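# Coordinates in review
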Number of protein chains: 2
Amino acid sequence: MSAIQQNVEAASASYSASFDKGHLALPPAKKYLVLTCMDARIDPARAFGIELGDAHVIRNAGASAVEGLRSIVISEQLLGTNEIVLVKHTGCGMLTFKNEDAYGIVEKNLGQAAVEELRERKIDFLPFPELEQAVKNDVEFLKASKLVPESVTISGWIYEVETGKTRRVV
Amino acid sequence: MSAIQQNVEAASASYSASFDKGHLALPPAKKYLVLTCMDARIDPARAFGIELGDAHVIRNAGASAVEGLRSIVISEQLLGTNEIVLVKHTGCGMLTFKNEDAYGIVEKNLGQAAVEELRERKIDFLPFPELEQAVKNDVEFLKASKLVPESVTISGWIYEVETGKTRRVV
């Protein structure tokens, strides 16, 4: 067992020993979802004030609404959420490369067969050159999608990894 | 401003007031990623023992390795992680419907144009009928992908929303 796996087991023993939230329902109590980045420096529950059971939390590289669209539709259409809080962040890795750079790295590290799998799966890494514009673009993407009805409230934010602050953009 | 948005602003003021982690680096310090579900009843940081800055956390409907593959490749190839902890959970919404059910709900709620957008984007909701098998299948999917080298350690787990425990499956 790896050190990481041992850490999961130790955390589980400790967390479950004082766990008293086994009664929570499947649908989020506050009927909203947070879409944010996978970045290791973000703790959504504390930084954005999410109590256990209150909201869906979708996380991926760059808080991408495109990658997350399947999950967003499930959240809204099957589990009743009606508000989206989209949070990108300062210092995001997605600001540091272009799609062709990532394809080049995959080819160098993993070979041509891996690049072909990227192409077969039509994987776009969806990097962005400017943070505020990327927040606006993803909010616009959601508003333009027929899969997100106009009744859904959408806001776009930036979390500052340097200060722990979250500020609204749109 | 909605009540949810006001809650984000209040959480931000409180969290940033005592924030002292502004020095953390972009790459995860412990070089691993956790892939888990967006479910509102999961707090990955506490349940799985993730300290701020230690690990990428990818979350989507059902902890899907297929939806998350783009983010996993970015995490490994661009940000140096080399271990995946995949955690699905009891009581998951993905156990409760079939793909055609979800398409039917989208058609009923949002109309035919929304269904066409699902088809254009080739969105498969990726539900699963059995939990342990779904964990095994996603671990196998990752091991079979040319985008995940054999040097990456992968384990599959189930979090119990009733007890707060996390147990290893594979």
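Refer to the preceding data block for the structure.
These remarks concern the structure in this document. None of the values given here were measured: they were computed from a predicted structure.

## Focus on the relation of the copies chain A and chain B
Each copy of the sequence occupies a distinct position, and chain A is placed on chain B by a rotation of 180° and an axial shift of 0.0 Å, giving an RMSD of 0.0 Å. Accordingly, the operation relating the two chain copies is best matched by a two-fold axis. Relative to the rotation axis, the C-alpha of Arg59 of chain A is the closest in chain A, positioned 2.3 Å from it. Interface overlap between copies: 100% of the residues of chain A at the interface are likewise at the interface in chain B, consistent with a symmetric, same-surface contact.

## Examining the environment of His23 of chain B
With respect to the helices, strands and loops of the structure, His23 of chain B is situated in the loop between helix H1 (3-17) and strand S1 (32-37). You can call His23 of chain B exposed: its relative accessible area is 60%.

## Here we look at the pattern of salt bridges
Residues and elements named next belong to chain B. Scanning the entire structure with this criterion turns up 16 salt bridges over all chains. A salt bridge links Arg167 to Glu132, with the nearest nitrogen and oxygen atoms 3.2 Å apart. Separated by 35 residues along the polypeptide, Arg167 in strand S5 (residues 166-168) and Glu132 in helix H6 (residues 131-144) bring together distant segments of the chain. With relative accessibility at 30%, the residue Glu132 sits in the partly exposed group. When the shortest N-O distance is used, the salt bridge between Glu160 and Arg167 registers 3.0 Å.

Cut-offs used in this document
- Residues numbered from 1 in each chain as written.
- Chains lettered and ligands numbered in written order.
- Predicted model: local features only at pLDDT ≥ 70, side-chain atom pairs only at ≥ 80, totals over all residues.
- Heavy atoms only, no water.
- Least-squares fit on C-alpha atoms with pLDDT ≥ 70 in both.
- Contact = heavy atoms within 4.5 Å.
- Helix = DSSP H or I, 4+ residues; strand = E, 2+ residues; numbered from the N terminus.
- Buried < 20%, exposed > 50% of the residue type's maximum accessible area, 1.4 Å probe, protein only.
- Salt bridge = Lys/Arg side-chain N within 4 Å of Asp/Glu carboxyl O.

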